Structure formats: C-alpha cells, structure tokens
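Listed below, chain by chain, are the residues.
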Amino acid sequence: MQNTKTPAAKVNPVRWTIRDVIFLALIGVFFGLIYQLWSFAYYAIAATPLKPYANDLTIGVWIMAGPLAGVLLRKVGASVIGELLAAAVEMMLFSSWGAADLISGFIQGIGNELGFAVTGYKNWDKFGLLMSTIGATIVTFAWDWFQSGYKNYQPGLLITLLIIRFISIGFFSGVLVYWIKQLVAKTGLLK
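None of these values were measured; they are calculated from a predicted model. (Residues numbered from 1 in each chain as written. Predicted model: local features only at pLDDT ≥ 70, side-chain atom pairs only at ≥ 80, totals over all residues. Heavy atoms only, no water.)

### Examining the overall build of the protein chain
Check the secondary structure of the protein chain and you find 7 helices and 0 strands. Taken from the N to the C terminus, the helices and strands of the protein chain come in the order α-α-α-α-α-α-α. Relative to a compact globule of 191 residues, whose C-alpha radius of gyration would be 16 Å, the protein chain shows 17 Å and is just as compact. Each principal axis of the C-alpha atoms in the protein chain carries an extent, and together these give about 65 × 35 × 25 Å. (Helix = DSSP H or I, 4+ residues; strand = E, 2+ residues; numbered from the N terminus. Rg over C-alpha atoms; globule rule 2.2 N^0.38 Å.)

Following this line, the structure appears as structure tokens:
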C-alpha cells in the first residue's frame, strides 16, 4: 500500500511569505480589538479593593497576540511584531493609554520573543509557550518595577504580584494560546 501522506513542509523561521504577513495582520487587528475591550475588565477590577492587583490579574490577555503569532507563524520576530500590531490597533481605537500602548506592546513582545529564542526558535509547542510565559513574566515585571513604581512595594506584595502575573500570563498566553493553536491546526491553515 502506498503512503499517501506528504511530509510536512519545513518552516523557514526567517523567510516571510505574503500569507504570513496577512495572518499576522489579522492577529494584530483581532487582538487590538480584544485589548481595547479588555481595558474595561482592568478598570472594573481597579475600581475595587483589588486595585493593586488589577494590572497583574489582567496582563495575560494583553500578551496573547505575541505568543499566538509566534506559534502560528513560527517566525523569528513574529511575537514582537504581532504584539506591536495589536498595540497599534488598540491605540488607534482611542485607548486610554494612548501611544504608551506601543511601548507596552514592544516590551511584552520582547518578553515572548526571548522565550522562543531560548529554544533556538525550534519549539513552538508547550515548552516554547512555557519559555514565552516565563520571558514575558520576567520582562514585563522588570518594566513595571521601573515604570509603574513596583520598586516601592513591600516584598510580600511584590512576590504576590509576580505569582499572579505568572498565572495570568501562563493561562491566557500559554494554555489558552495552545488551545487556540490546536483549533487552528485542525482547520488546516497551519503549514
């Protein structure tokens, strides 16, 4: 009996195709809309006694475009570009953070990108997403240390915020992105 399965095409992590660019643009637009809507969840939490935790509880959603672009496209730089595009769309939708969205998008994308870089851009599955989660957690927490005044917090609060941030990013940008990748793979859109 003849084998009718064709071997999967090897993905070049550096070469971009028109299909990749279109897919990346769709991710950016979709998540830019999600990010803008998600700001209402942030403000709802910030209006309660949970205000000190609002940023870390909600950050996982704001980081989803980067790892999703990474695992779907499997390209060097896809995480940074995907996150920047989503941040640009969010900003153009009159985000309350304005142009600061672009800085946040870049920082978040770099965190994700570093995670995939640690794997040598060879693991776009669970391990790659774990590294992406760790990278995004560390980089964004370091950014908030300086930018958002975390350096003035007590050690107990800092540890709590770091754990909450890791769980938020791990669930939304790790587990949920993995599930989305699995669903997209079933459609045949992935190479």
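### Focus: the packing of aromatic side chains
Under the criterion given, the structure shown has 14 aromatic pairs. Ring geometry for Trp62 and Trp97: centres 5.5 Å apart, planes at 90°, overall edge-to-face. Linking Trp62 in helix 2 (residues 54-62) with Trp97 in the loop between helix 4 (78-92) and helix 5 (100-118), this pair joins segments that are 35 residues apart in sequence. Given a relative accessible area of 9%, Trp62 falls into the buried group. (Phe/Tyr/Trp six-rings, centres within 6.5 Å; stacked < 30°, edge-to-face > 60°. Buried < 20%, exposed > 50% of the residue type's maximum accessible area, 1.4 Å probe, protein only.)

### Thoughts on a nonpolar patch on the surface
Taken together, Phe127, Leu130, Ile134, Ile138, Ile159, Ile163, Phe166 and Ile167 make up a surface patch of nonpolar side chains, about 740 Å² in accessible area. Secondary structure elements with two or more residues in the nonpolar patch: helix 6 (126-147) and helix 7 (155-187). By the element assignment, Ile138 lies in helix 6. (Patch = residues over 30% accessible without salt bridge, like charges linked within 9 Å, V, L, I, M, F, W, Y side chains within 5 Å. Areas by Shrake-Rupley, 256 points an atom, 1.4 Å probe, with all protein chains shown as cover. Salt bridge = Lys/Arg side-chain N within 4 Å of Asp/Glu carboxyl O.)

### Here's the deal with the nonpolar core
Considering soluble globular proteins, one finds that nonpolar side chains tend to be buried as a cluster. Phe31, Val71 and Leu72 are the most contacted members of the largest nonpolar core, which has 28 residues in total. Every element with two or more residues in this core is listed here: helix 1 (18-46), helix 2, helix 3 (65-73), helix 4 and helix 7. The leading source of residues in this core is helix 1, at 7 residues. (Core = buried A, V, L, I, M, F, W, Y, C linked by side-chain atoms within 4.5 Å.)

### Some points on the pattern of salt bridges
Inspection of every chain in the model, using the stated rule, returns 5 salt bridges. The partner of Asp56 in a salt bridge is Arg165, and the shortest N-O contact between them spans 2.6 Å. With a gap of 109 residues between them, Asp56 in helix 2 and Arg165 in helix 7 connect regions that are remote in the sequence. Each of the two residues, Asp56 as well as Arg165, counts as buried.

### Description of the side chain of Asp101
In this structure, Asp101 sits in helix 5. For the buried Asp101, no salt bridge exists, and the shortest N-O distance to an oppositely charged side chain is 14 Å, to Arg165. (Lys, Arg positive; Asp, Glu negative; His and termini not counted.)

### A few points about the environment of Tyr53
Summarising the element assignment, Tyr53 is placed in the loop between helix 1 and helix 2. The class of Tyr53 is partly exposed, set by a relative accessible area of 26%. In sequence terms Tyr53 and Leu157 are 104 residues apart; their C-alpha atoms lie 9.3 Å from each other. The contact partners of Tyr53, leaving out residues within four places of it in the chain, are Leu157, Thr160, Leu161 and Ile164. (Contact = heavy atoms within 4.5 Å.)

### Digging into the side chain of Thr140
Along the chain, the position of Thr140 falls in helix 6. Note on Thr140: relative accessible area 3%, which makes it buried. A distance of 2.6 Å separates a polar side-chain atom of Thr140 from the backbone oxygen of Ala136. A distance of 2.9 Å separates the side chain of Thr140 from the side chain of Arg165, its partner in a polar contact. (Polar contact = N/O pair within 3.5 Å; in protein donor to acceptor, adjacent residues only side chain to side chain.)

### Looking at helix 4
With 15 residues, helix 4 should reach 21 Å at 1.5 Å per residue; the first-to-last C-alpha distance of 21 Å fits that figure. Within helix 4, burial applies to Ala78, Ser79, Val80, Gly82, Glu83, Ala86, Ala87, Ala88, Val89 and Glu90. Structurally, helix 4 contributes buried residues whose contacts are with helix 1, helix 2, helix 3 and helix 5. Phe94, located one to two residues past helix 4, shows a positive phi value of around 65°. (Expected span 1.5 Å × (residues − 1).)

### Let's talk about helix 6
Between its first and last C-alpha, helix 6 extends 31 Å over 22 residues, near the 32 Å set by a 1.5 Å rise per residue. Packing partners of the buried residues in helix 6 comprise helix 2, helix 3, helix 5 and helix 7.

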